[in-house]
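Survey of secondary and tertiary structure
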Amino acid sequence: MERFEVGKRITELREKKGLKKNALANLAGVSPTYISQLERGEKRPTVDYLGYICFGLGVTLSEFFRAGKEYDDLYSAIDKLSATQKRALIAFLKCL
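Source: prediction; values computed, not measured.

1. Some details on the overall build of the chain
- Each helix and strand counted, the chain has seven helices and zero strands in total.
- Ordered by position in the sequence, the α and β elements of the chain form the string α-α-α-α-α-α-α.
- For 96 residues, the compact-globule estimate of 2.2 N^0.38 gives 12 Å, and the chain exceeds it by more than 25% at 16 Å.
- C-alpha extents for the chain along the principal axes are approximately 50 × 25 × 25 Å.
- Counting every position in the chain, which comprises 96 residues, the buried fraction comes to 29%.
- Expressed as a percentage of contacts within the chain between residues at least 6 apart in sequence, the contacts between residues at least 24 apart total 49%.
- Roughly 6,700 Å² of accessible area belongs to the chain as shown, and the carbon and sulfur atoms make up 56% of that amount.

See below:
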């Protein structure tokens, strides 16, 4: 994921949660300036800082890197499966 794509994703998730940049910065423990620089693609976060931002956004790192909105319903349905159901789904998909 390119620098501008990371920033775009942060903006997308922040706006989806209804957060202002200052609110996200407070939740993530970073400066509002840093959030702005990330969203504009001027900076590239370390994994640690991206983890803090994801925490502030209420998403995991894997959710952050998901393909996009068109798959949200699918991911939501998969997240609701039990561990046994997820293993069965993976086995089924491997057969395809």
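2. Topic: the packing of aromatic side chains
- According to the stated counting rule, one finds three aromatic pairs in the structure shown.
- Measuring from centroid to centroid gives 5.6 Å for Tyr 34 and Tyr 49, while their planes differ by 65°, and the two rings are edge-to-face. Taken together, the positions of Tyr 34 in helix 3 (residues 32–39) and Tyr 49 in helix 4 (residues 47–57) put the pair 15 residues apart, joining distant regions of the chain.
- Tyr 34 gets classed as buried once you look at its relative accessible area, which sits at 15%.

Cut-offs used in this document
- Residues numbered from 1 in each chain as written.
- Predicted model: local features only at pLDDT ≥ 70, side-chain atom pairs only at ≥ 80, totals over all residues.
- Heavy atoms only, no water.
- Helix = DSSP H or I, 4+ residues; strand = E, 2+ residues; numbered from the N terminus.
- Rg over C-alpha atoms; globule rule 2.2 N^0.38 Å.
- Buried < 20%, exposed > 50% of the residue type's maximum accessible area, 1.4 Å probe, protein only.
- Contact = heavy atoms within 4.5 Å.
- Areas by Shrake-Rupley, 256 points an atom, 1.4 Å probe, with all protein chains shown as cover.
- Phe/Tyr/Trp six-rings, centres within 6.5 Å; stacked < 30°, edge-to-face > 60°.

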